Amino acid sequence: MPMLKDPSIKYKPFDPKLTLDDRQWPSKSLTKAPRWLSTDLRDGNQSLPDPMSIPEKKLYFQELVKIGFKEIEVAFPSASQTDFDFTRWCVENAPEDVSIQVLSPCRPDLIRRTIEALKGAKKATVHIYLATSACFRNVVFGMTPEETLQKATECTALVRSLTKDNSQDEAFKKTHWDFEFSPETFSDTTPEFALEVCESVKTAWNPSAENPIIFNLPATVEMATPNVYADQIEYFSRHISHRETVCISLHPHNDRGCAVAAAELAQLAGADRVEGCLFGNGERTGNVDLVTLALNLYTQGYYPNLDFSDMSKVIEVVEKCNKIPVHPRAPYGGQLVVCAFSGSHQDAIKKGFKKYEEQVNSTGDISWTMPYLPLDPKDIGRTYEAIIRVNSQSGKGGASWIILRNLELDLPRGLQVDFSGRVQVESEWKGRELKTKEIVDLFKDKYFLYDVQDEADNETVAMLDFFHLKDYTLTNEGKNRSIVALLSSKSQELELKGSGNGPISALANAMSNYFGITFDVVHYNEHSLGKDSNSKAVGYIGVRVGSHERIIWGVGVDEDVTEAGMVALVNTLNGCIRDKLVRA
Ligand SMILES: CC(=O)SCCNC(=O)CCNC(=O)[C@H](O)C(C)(C)COP(=O)(O)OP(=O)(O)OC[C@H]1O[C@@H](n2cnc3c(N)ncnc32)[C@H](O)[C@@H]1OP(=O)(O)O
Ligand SMILES: CC(C)C(=O)C(=O)O
């Protein structure tokens, strides 16, 4: 049996090796953006089955700059010629306010090669790492704690001599140098030892409040709940000496699926900076997802200093370079995240948008209160059209939203119900989602709403046999109106006569007289279409025919509002003929 009935014989609960009873972070809130570092081109890249080529890295780098990243880890220059050459390209091309960060292990030969790649940079961060946990010291390096501390300190001193203290080479003097040290596997290291190593590294680098050292405290493997990581960060933040000379950076991985929560709680605990990747790419389950972190802040009303206004473009670049699709349910960015298929969600969103538009138009207040949608899709460049999609789980709200957005028809409730039944049958029969065009065509067919200016509609009209209102005359007889209406189809012309207290009731009476069955108008709605002076009107009519229970709906569009209603009524006749309630 692969899974143990008693996993405790193999796995032990995580021991945080820390008691922090006076923790402060739980009563704090996130109110500002941290310093962000994108490690897409390093941690993200090293975990790809096919690492990025130089053109791909360039494209990605440019997108990161466009989003607004000011710190970008661009490579592991000692790993490959590609990474070295790409670092050189960044040195030449990075904007002045963007710091290029590169990573090296604590190996002097590799540190030298790494720094060589940065020659001439305007702003650069040298990042070195050494694992500090007992597991790594014992299993990977065979080093004592003292040897670990010594290696970290010596390598820091080496970086210092090759960078900010390098008086030999003019090219190195012009660079603004930052230094980052990662006690790799920090979250599995005893807090006292992590501190001891960092204190020693700090002394070796000699930071200042103006140029702080970056201590990046990674959850290299996420092993515990996010509150444990927050405690570890708060402990470090409270105990490191000369805190003002230190920037505490987070680097959470997502092994337990909690990296975003861990990063948020650890910021409450005092961290100043977050390293991660777009959409959580990175080793194994990935690094923390920076899109989610940034937009979580944004939807609380705090600008994250990262701009995702063109989310589709970001996704296009990420997918092209990583060669991994962004999950359709990735928070905020995923294709399905702003789509509702189910009836009750669609109903709520449709009502929400109506209320929101009224609120904005009447008061100018854009504050967002929308059922089911925490973020206005427009803010990340998504259209409202994509929000509601229709399948067999959808209700009347979904299909009528599509009709509203595409034909500007604001269907009355009864007509929504009538149309939704037809959509339901179609999507069940097809066994899939219906596309917008399919729904629009279904609507036009069901309610004979063809636009003869439209080529495709014209072809349909030429094939179908249904009546349209060719001509009519109305005469007043006191309060009454008499009508003589000429209905024409491909195969016949009919002259109908009747009267009523208005044009619609007169025409209904004329139809009743001709076909020998009552057309009782039980619903009538109209509204204008379009905003300019050439606007048209649409009429919606629901009739009860004879003793039939069902209401038959018709829709008509015309320049004249009365004629729109009459056309709608004629279309109820077409519906009756098609459904065999009336014989032509
Ligand atoms: C958590 C992280 O993401 S850390 C970043 C990891 N990223 C990468 O490894 C990508 C780039 N890496 C590479 O291209 C290669 O691993 C290189 C160029 C760095 C080194 O290659 P090699 O010299 O062939 O070493 P290899 O990768 O096989 O093994 C790692 C060696 O480095 C040592 N090492 C590992 N991490 C460190 C470190 N932080 N500091 C010093 N030495 C280290 C290991 O103990 C091992 O040493 P050993 O050969 O004496 O046992
Ligand atoms: C190099 C360090 C920061 C790292 O990638 C990790 O610990 O995951």
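Keep in mind it's a predicted model, so treat the numbers as computed, not measured.

**Here we look at the overall build of the chain**
Working step 1: Scanning the chain from terminus to terminus reveals 19 helices and 14 strands.
Working step 2: The C-alpha radius of gyration of the chain comes to 34 Å, more than 25% above the 25 Å expected for a compact globule of 584 residues.
Working step 3: Each of the three principal axes of the chain carries a C-alpha extent, and together these read 105 × 60 × 50 Å.
Working step 4: The proportion of buried residues among the 584 residues of the chain is 43%.
Working step 5: Across the chain, every contact between residues at least 6 apart in sequence was considered, and the portion connecting residues at least 24 apart equals 63%.

**What to know about the site of ligand 2**
Working step 1: Taken together, Asp-43, Leu-103, Tyr-129, Ser-182, Glu-184, Asn-216, Pro-218, Thr-220, His-251 and His-253 make up all the residues around ligand 2.
Working step 2: Counting residues per element, the ones that place at least two in the shell around ligand 2 are strand S5 (176–184) and strand S6 (213–219).
Working step 3: Its residues assigned to classes, the shell around ligand 2 comprises three nonpolar, five polar and two charged.

**A word on unusual backbone geometry**
Working step 1: For Asn-206, which is not glycine, the phi torsion reads 60° and is therefore positive.
Working step 2: Relative to the assigned elements, Asn-206 resides in the loop between helix H8 (191–205) and S6.

**Looking at the packing of helix H4 (residues 108–117) against helix H6 (residues 145–162)**
Working step 1: At their nearest, the axes of H4 and H6 sit 10 Å apart, and the two run at 30° to each other. By the angle class used here, H4 and H6 are roughly parallel. Crossing of H4 over H6 shows right-handed handedness. Note on element contacts: H6 touches H4 through Cys-155, Leu-158, Val-159 and Leu-162, opposite Pro-108, Ile-111, Arg-112 and Ile-115.
Working step 2: The residue makeup of the contact of H4 with H6, split by class, is seven nonpolar, no polar and one charged.

So, how was this worked out
- Residues numbered from 1 in each chain as written.
- Chains lettered and ligands numbered in written order.
- Predicted model: local features only at pLDDT ≥ 70, side-chain atom pairs only at ≥ 80, totals over all residues.
- Helix = DSSP H or I, 4+ residues; strand = E, 2+ residues; numbered from the N terminus.
- Rg over C-alpha atoms; globule rule 2.2 N^0.38 Å.
- Buried ≥ 20, exposed ≤ 12 C-beta atoms within 10 Å, placed from the backbone.
- Contact = placed C-beta atoms within 7 Å.
- Near = placed C-beta within 6 Å.
- Nonpolar A, V, L, I, M, F, W, Y, C, P; charged D, E, K, R; others polar.
- Axes fitted to C-alpha atoms, helices over the stretch in contact; angles between N-to-C directions.
- Parallel < 35°, antiparallel > 145°, perpendicular 65-115°, else oblique.
- Left-handed = near helix turned anticlockwise from the far one by under 90°.

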